[in-house]
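Observations on chain architecture
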Amino acid sequence: MTTNIDKTTEKPKKTPKQKALSIIKTVLLYGLVFAIVYTAVNWWRQPVMPANPQLQLMDYQGQVVDLAALSNEQPTLVYFWGTWCPICSVTSPTINTLAAENNYPIVTVAIKSGSNQELDGYLKEHNYNFTTINDQQGVIFDDWQGQVTPSYVILKDGEMSQGLTGIQPEWSLKLRLWLSSVF
């Protein structure tokens, strides 16, 4: 004895509106997951302010740079980078633009990037005009427990208010500096 069961029940087809909503939901879900993972990784890799940080440094040209004094006037961006870092070749032009705008103090720390003369040649070759500390041995970066380049620290009143890593768009850095000046 065989029973014939009619299996003609099909799922109803989605309307174009339902398809669009489904795509939007998927994009938003993946975007949210990406944002959470990115934030967690950035938080984990960000530099950490030392207990007794050396905030008075000498740039590669022999000029004293007082990060505490600069950050008392307004938020100061400290950019850790290296001439050998491929990602830094993407981020350094943005830092150079921010420094040229002169809205906020920008101080860079070149990590293990050669002698002062080699660093000067690199900066001139790329038309970078930002203030640069030459951390020839990587001591400053190590003191800040830096893990990756590029890394960024925003100082306000001699204290770290934010830490970031990786590629940061210009608008993001400007927003973070502005937020540090407001709060």
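Structure shown above.
These lines cover the structure that appears in this document, whether it is placed above or below. (Residues numbered from 1 in each chain as written. Predicted model: local features only at pLDDT ≥ 70, side-chain atom pairs only at ≥ 80, totals over all residues. Heavy atoms only, no water.)

**With respect to unusual backbone geometry**
Here is the rule: Only DSSP runs of H or I reaching four residues or more are called helices, and only runs of E reaching two or more are called strands; each is numbered from the N terminus. Relative accessibility decides the category of a residue: with a 1.4 Å probe and only protein chains considered, values under 20% of the type maximum give buried, values over 50% give exposed, and everything between is partly exposed.
Cis geometry marks the peptide bond from Thr149 to Pro150; its omega dihedral reads -5°. Structurally, the position occupied by Pro150 is in the loop between α5 (139–143) and β6 (151–156). One non-glycine residue, Asn102, adopts positive backbone phi at about 65°. Looking at the element boundaries, Asn102 is found in the loop between α3 (88–101) and β4 (106–111). Residue Asn102 is classed as exposed on the basis of its relative accessible area of 65%. At Gln145, a position not held by glycine, the phi torsion is positive, near 55°. With respect to the secondary-structure elements, Gln145 resides in the loop between α5 and β6. Residue classification places Gln145 among the partly exposed positions, given a relative accessible area of 48%.

**What to know about the pairing of strand β5 (residues 131–135)**
What counts here: Any two strands between which DSSP finds at least two bridges are classified as paired. For crossovers, right-handed means that the path from the first strand over the helix to the second runs clockwise, given strands pointing away from the viewer.
Counting buried positions over the five residues of β5 gives four, a clear majority of the element. Across five bridges, β4 lies against β5 in parallel orientation. Paired with Ile111 across the bridge in β5 is Asp135. Note on the crossover from β4 through helix α4 (residues 116–125) to β5: the handedness is right-handed.

**Let's talk about a positive patch on the surface**
Test applied: Patch membership requires more than 30% relative accessible area and the absence of a salt bridge. Residues of like charge join within 9 Å; the nonpolar side chains Val, Leu, Ile, Met, Phe, Trp and Tyr join within 5 Å. Calculation of accessible area relied on Shrake-Rupley with a 1.4 Å probe; when residues are assessed, cover is drawn exclusively from the protein chains displayed. By definition, a salt bridge exists where a carboxyl oxygen of Asp or Glu is found within 4 Å of a side-chain nitrogen of Lys or Arg. Note that His is not counted, nor are the chain ends; the positive residues are Lys and Arg, and the negative ones are Asp and Glu. By convention, the point assigned to a charge is CZ for Arg, NZ for Lys, CD for Glu and CG for Asp.
Taken together, Lys11, Lys13, Lys14, Lys19 and Lys25 make up a surface patch of like positive charges. Tracing the backbone shows Lys14 in the segment before α1 (16–45). Overall, Lys14 belongs to the partly exposed group, its relative accessible area being 47%.

**Some thoughts on the environment of Tyr152**
Stated precisely, the cut-off is as follows: By the criterion applied in these results, polar contacts are pairs of N or O atoms within 3.5 Å in which, for protein atoms, one can donate a hydrogen and the other can accept it, and in which residues neighboring in sequence qualify only through two side-chain atoms.
Along the chain, the position of Tyr152 falls in strand β6. Sequence spacing of Tyr152 and Gln46 is 106 residues, and the spatial spacing of their C-alpha atoms is 7.8 Å. Looking at Tyr152, its side chain comes within polar contact range of the main-chain oxygen of Gly166, at 3.0 Å.

**Structural notes on the packing of aromatic side chains**
Put simply, the rule reads: Working definition: rings of Phe, Tyr and Trp (its six-membered ring) pair if their centres are within 6.5 Å, and the pair is stacked with planes under 30 degrees apart, edge-to-face with planes over 60 apart, and tilted otherwise.
Taken as a whole and assessed by the stated rule, the structure comprises eight aromatic pairs. Both rings, one in Tyr122 and one in Tyr128, keep their centres 6.4 Å apart while their planes meet at 55°; by these two values the pair is tilted. Neither Tyr122 nor Tyr128 differs from the other in exposure class; each is buried. The structure contains a cluster of three or more aromatic residues connected by ring pairs, namely Tyr79, Trp81, Tyr122, Tyr128, Phe130 and Tyr152.

**Describing the sheet that holds β5**
Threshold: To get an axis, fit a line to the C-alpha atoms, keeping to the stretch in contact for a helix; angles then go from 0 to 180 degrees between the N-to-C directions.
The sheet built from five strands is open, its strands ordered β5-β4-β3-β6-β7 with mixed pairing. Each edge of the open sheet is held by one strand with a lone partner, namely β5 and β7 (159–165). On average, each strand axis in the sheet is inclined to that of its neighbour by 20°, with strand direction left out of account.

Remember that the coordinates give geometry; whether it matters functionally is a separate question.
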